[in-house]
Amino acid sequence: MAATMTTPNTVMGALLPREGASRMAANVGLVIVGSLILAASAQVKIPLSPVVINLTTLAVAFLAATLGWRLAVSSVALYIAEGLMGLPFFANGGGWAYVLSPSFGFIVGYLAMAFIIGWAADRGASRSPLKLFGWMLVGDAVLFAFGLVWLLAMGNVLLAAGGELPKWLAGGDLLAAGWNVAVQPFIVWDVLKMAFAAITVAGAWQLVKSRA
């Protein structure tokens, strides 16, 4: 299993020990460190309602492009498990109640984003910053699809329940509210974050290969 967790086309795959127990230990360590990086990135935020702008998408893109999809998805899965167990690793805390948060779809979407970008990195996308950037945008778009669908579902629950609506849903126009709070404020920021991640990882790849 250790031999298949990373590929030589990724930065960490090229740097890790080739085989044996040391490679397995490195894989486990990278998954744990990756989950902690995600937790830290979630705390660097601009609070909005009901979704916040933070650095988690940048961290997911960077980890996926550096580690490949297996270790990146494992890191995200561990991060989600840690948050659901009650550790304050998500942007607004943690615990099982977070599943009912309008922003939980984004957290689930990190898994898809990590897979898409990591899959591309495993196939050599890190050699080209433009190609890697393109795949990062694809992964980010899929993430937003997850986030928007979940937010709309939670909005429908709130509308059906009646009573006082949260500020972000005032007026009852669910589609407009979803766009305004879950997509539009993030577009420019995420394009910049994906560009930064692609340039950084592609540069790291060139550095690693030049020293090989």
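Just above, that's the structure.
Residues numbered from 1 in each chain as written. Predicted model: local features only at pLDDT ≥ 70, side-chain atom pairs only at ≥ 80, totals over all residues. Heavy atoms only, no water.

Looking at the nonpolar core
Y79 and M136 are the most contacted members of the largest nonpolar core, which has 55 residues in total. Those elements that provide at least two residues to this core are α1 (11–15), α2 (21–42), α3 (56–67), α4 (69–84), α5 (104–122), α6 (129–161), α7 (174–182) and α8 (187–211). When near neighbours in sequence (up to four residues on either side) are disregarded, M136 contacts A61, A65, I117, M194, A197 and A198. (Core = buried A, V, L, I, M, F, W, Y, C linked by side-chain atoms within 4.5 Å. Buried < 20%, exposed > 50% of the residue type's maximum accessible area, 1.4 Å probe, protein only. Helix = DSSP H or I, 4+ residues; strand = E, 2+ residues; numbered from the N terminus. Contact = heavy atoms within 4.5 Å.)

Focus: empty space enclosed by the protein
Per the stated rule, a full pass over the model turns up 1 cavity of 30 Å³ or more. Considering only enclosed or pocket space, the largest cavity measures out at about 220 Å³ in volume. Around the largest cavity, the lining comprises 22 residues; the ones closest to its centre are V51, V52, N54, F106 and Y110. Elements supplying a minimum of two residues to the lining of the largest cavity: β2 (53–54), α3, α5, α6 and α8. Of the residues forming the lining of the largest cavity, the biggest block, 3 residues, is contributed by α5. Class assignment for the residues of the lining of the largest cavity results in 15 nonpolar, 5 polar and 2 charged. (1 Å grid on protein atoms, 1.4 Å probe; cavity = no way out; pocket = protein on both sides within 12 Å on 5 of 7 lines; lining within 4 Å. Points joined across faces, edges and corners; volume = space filled by probe spheres on them. Nonpolar A, V, L, I, M, F, W, Y, C, P; charged D, E, K, R; others polar.)

Things to note about the pattern of salt bridges
Taken as a whole and assessed by the stated rule, the structure comprises 2 salt bridges. Between R70 and D122 there is a salt bridge whose closest N-O contact spans 3.9 Å. In this pair, R70 is assigned in helix α4 and D122 in helix α5, connecting sequence segments 52 residues apart. A residue is classified by how much of its surface remains accessible, and R70, at 27% relative accessible area, is partly exposed. On the basis of relative accessibility, which here comes to 6%, the residue D122 falls in the buried class. Across the pair K193 and D190 runs a salt bridge whose closest N-O atoms are separated by 3.2 Å. With K193 and D190 both in helix α8, this residue pair falls 3 residues apart, about one helical turn. A relative accessible area of 2% means that D190 is categorised as buried. (Salt bridge = Lys/Arg side-chain N within 4 Å of Asp/Glu carboxyl O.)

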